[in-house]
Amino acid sequence: MTDIITLDGPSSSGKGTIAKELSKKLNFFHLESGLLYRTVAKLILDKNINANEIDAKTINSFDLDCLIDVDRRRLVASSDIYTSELSLLTSRIATLKVVRDFIMGFQRSLGIRYDLIADGRDMGTVVFKDAKLKLYVDAPIAIRAERRYNQLKGIEKNVNLAQVFSDLVSRDKRDSSRTIAPLAVPLEAIIIDTSVMSVEQSVTRILLEYKKDS
Ligand code: DC
C-alpha cells in the first residue's frame, strides 16, 4: 500500500511550493495535478482540437506517462504552459468530464505506483478520497494575486496587477462553481493559511501531522 498526502486549495495559495518541499523531505513522488491539466490543454491547442468536441477516444490517445521523471520523483512539462492564455484554456477544459476522467485515471495509476504528495483542487475531495492525510492550503485573494503577478512578471510582458486580480477572481469562481469536482475543503482536512504561516512552518506542521498518524 502506498501513502498519499493531499493538498487541495485555490490558485497561488502556495500548495505547490509546500508540496515540493514535502516531497523532498519524505522522498515521495510529487503529483502536481495543475501541470497535468495545463499539459492536456496545451496538447489540445497544439493538435488544433476543438475543446468543445473532444471525445474519450481522442483524449485517451494522449500519453501522460512520458511526463514522469522517476529519478526526481516528479512530473515534467514545458515552461510555456504557465501563460495567461493557457491558464484560461486550462480552466475551461478542466470543466469537461471526459478530460477529468482521463486525468483522474492517470493520477490514480500514479498513486498505485508511488507514495504521493498530490497537490490540486480535487485531490482530497475526489481523486484520493482515502488519502492518509488531507490539507487545504489557502490565503486571502489579494495575497494570492500578488504572488501570481510576481510569477507572471517573469514570463510575460505588460502584466497588470488589477488584471491578474480579476482573472483570479473569475478562475476561483469557475473552479468553485463547476458541477464536476468543484474546489472545496475536504471534510477531514487540516487548513493551512499561508498568509500567516511560512512555507517552512507549514511543512513542519504537516510533517508532524503525518508522523502522528504513521
Ligand atoms: O494549479 P494550476 O493553476 O496550475 O491549475 C490550472 C488549472 O487546472 C486551474 O484553472 C484548474 C485546473 N485544475 C483542476 O481543475 N483540478 C486540479 N486538480 C488541478 C488543476
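Residues numbered from 1 in each chain as written. Predicted model: local features only at pLDDT ≥ 70, side-chain atom pairs only at ≥ 80, totals over all residues. Heavy atoms only, no water.

(A) Examining the overall build of the protein more closely. Tallying secondary structure elements over the protein gives nine helices and seven strands in all. Whereas a compact globule of 214 residues would reach a radius of gyration of roughly 17 Å, the protein reaches 17 Å, a difference of no more than 12%. Taken across its 214 residues, the protein has 47% of its residues classed as buried. Taking as baseline every contact in the protein between residues at least 6 positions apart, the subset at least 24 positions apart corresponds to 79%. (Helix = DSSP H or I, 4+ residues; strand = E, 2+ residues; numbered from the N terminus. Rg over C-alpha atoms; globule rule 2.2 N^0.38 Å. Buried < 20%, exposed > 50% of the residue type's maximum accessible area, 1.4 Å probe, protein only. Contact = heavy atoms within 4.5 Å.)

(B) Layout of the pairing of strand 6 (residues 133-138). Counted residue by residue, strand 6 has five buried out of six residues, so it is predominantly covered. When strand 1 (residues 4-8) meets strand 6, the two strands line up parallel, connected through four bridges. Counted as the bridge partner of Leu-7 is Leu-135 from strand 6. Here strand 6 pairs with strand 7 (residues 190-193) via four bridges, running parallel. Across the sheet, the residue bridging to Asp-138 is Asp-193, located in strand 7. (Pairing = 2+ DSSP bridges.)

(C) Inspection of the site of the ligand at higher detail. Near the ligand lie 16 residues; those nearest to it are Ser-33, Arg-38, Arg-100, Asp-122 and Arg-178. In the model, an oxygen atom of the ligand is placed 2.9 Å from a nitrogen or oxygen of the Arg-100 side chain. The separation between an oxygen atom of the ligand and a polar side-chain atom of Arg-121 is 3.0 Å. Burial of the ligand by the protein amounts to 93% of the accessible area it has alone, namely 450 Å². Contributions of two or more residues to the shell around the ligand are made by helix 2 (33-46), helix 4 (84-93) and helix 8 (161-177). (Near = heavy atom within 4 Å. Polar contact = N/O pair within 3.5 Å; in protein donor to acceptor, adjacent residues only side chain to side chain. Areas by Shrake-Rupley, 256 points an atom, 1.4 Å probe, with all protein chains shown as cover.)

(D) Geometry of the side chain of Asp-69. One can find Asp-69 in strand 3 (residues 68-69). Of the residues examined, Asp-69 reaches a relative accessible area of 16% and is grouped as buried. At a separation of 2.9 Å, a polar atom in the side chain of Asp-69 contacts the side chain of Arg-72. Not counting chain neighbours up to four residues away, the residues in contact with Asp-69 comprise Phe-29, Arg-74 and Val-76.

(E) Examining unusual backbone geometry more closely. One non-glycine residue, Asn-27, lies in the positive phi region at around 60°. Inspection of the secondary structure assignment puts Asn-27 in the loop between helix 1 (15-26) and strand 2 (29-32). Here the phi dihedral of Asn-158 falls at roughly 55°; this positive angle occurs in a residue that is not glycine. Its location among the elements puts Asn-158 in the loop between helix 7 (141-153) and helix 8. When its relative accessible area of 79% is taken as the criterion, Asn-158 is described as exposed.

(F) Fine view of the environment of Asp-71. Among the secondary structure elements, Asp-71 is positioned in the loop between strand 3 and strand 4 (74-75). When the C-alpha positions of Asp-71 and Phe-29 are compared, they lie 9.6 Å apart, and in sequence the two are 42 residues distant.

(G) Region of the structure containing the packing of helix 7 against helix 8. For the pair helix 7 and helix 8, the least separation of the axes is 9 Å and the interaxial angle reads 120°. In terms of orientation, helix 7 and helix 8 fall into the oblique class. Between helix 7 and helix 8 the crossing geometry is right-handed. Listed contacts from helix 8 to Ile-141, Ala-142, Arg-144, Ala-145, Glu-146, Arg-148, Tyr-149 and Leu-152 of helix 7 are Leu-161, Val-164, Phe-165, Leu-168, Val-169, Arg-171 and Asp-172. When grouped by side-chain class, the residues that make up the contact of helix 7 with helix 8 number 10 nonpolar, no polar and five charged. (Axes fitted to C-alpha atoms, helices over the stretch in contact; angles between N-to-C directions. Parallel < 35°, antiparallel > 145°, perpendicular 65-115°, else oblique. Left-handed = near helix turned anticlockwise from the far one by under 90°. Nonpolar A, V, L, I, M, F, W, Y, C, P; charged D, E, K, R; others polar.)

(H) The arrangement of the environment of Asp-115 in detail. If you trace the backbone, Asp-115 turns up in the loop between helix 5 (97-113) and strand 5 (116-119). The spacing of Asp-115 and Leu-26 is 89 residues in sequence and 9.2 Å in space, taken between C-alpha atoms. Apart from the residues lying within four places of it in its own chain, the contact partners of Asp-115 are Thr-2, Asp-3, Phe-28 and Phe-29.

(I) Just the pattern of salt bridges, in detail. Applying the stated criterion across every chain, the model contains 14 salt bridges. Ionic pairing is found between Asp-46 and Lys-42, a salt bridge with its closest N-O pair at 2.9 Å. Within this pair, Asp-46 and its partner Lys-42 are both found in helix 2, separated by four residues, close to a single helical turn. Under the relative-accessibility criterion, Lys-42 is labelled buried at 18%. Where Asp-80 meets Lys-42, a salt bridge forms, and the shortest distance between an N and an O atom there is 3.7 Å. Within this pair, whereas Asp-80 is found in the loop between strand 4 and helix 4, its partner Lys-42 is found in helix 2, the two being separated by 38 residues in sequence. Connected through shared salt-bridge partners, Lys-42, Asp-46 and Asp-80 make up one network. (Salt bridge = Lys/Arg side-chain N within 4 Å of Asp/Glu carboxyl O.)

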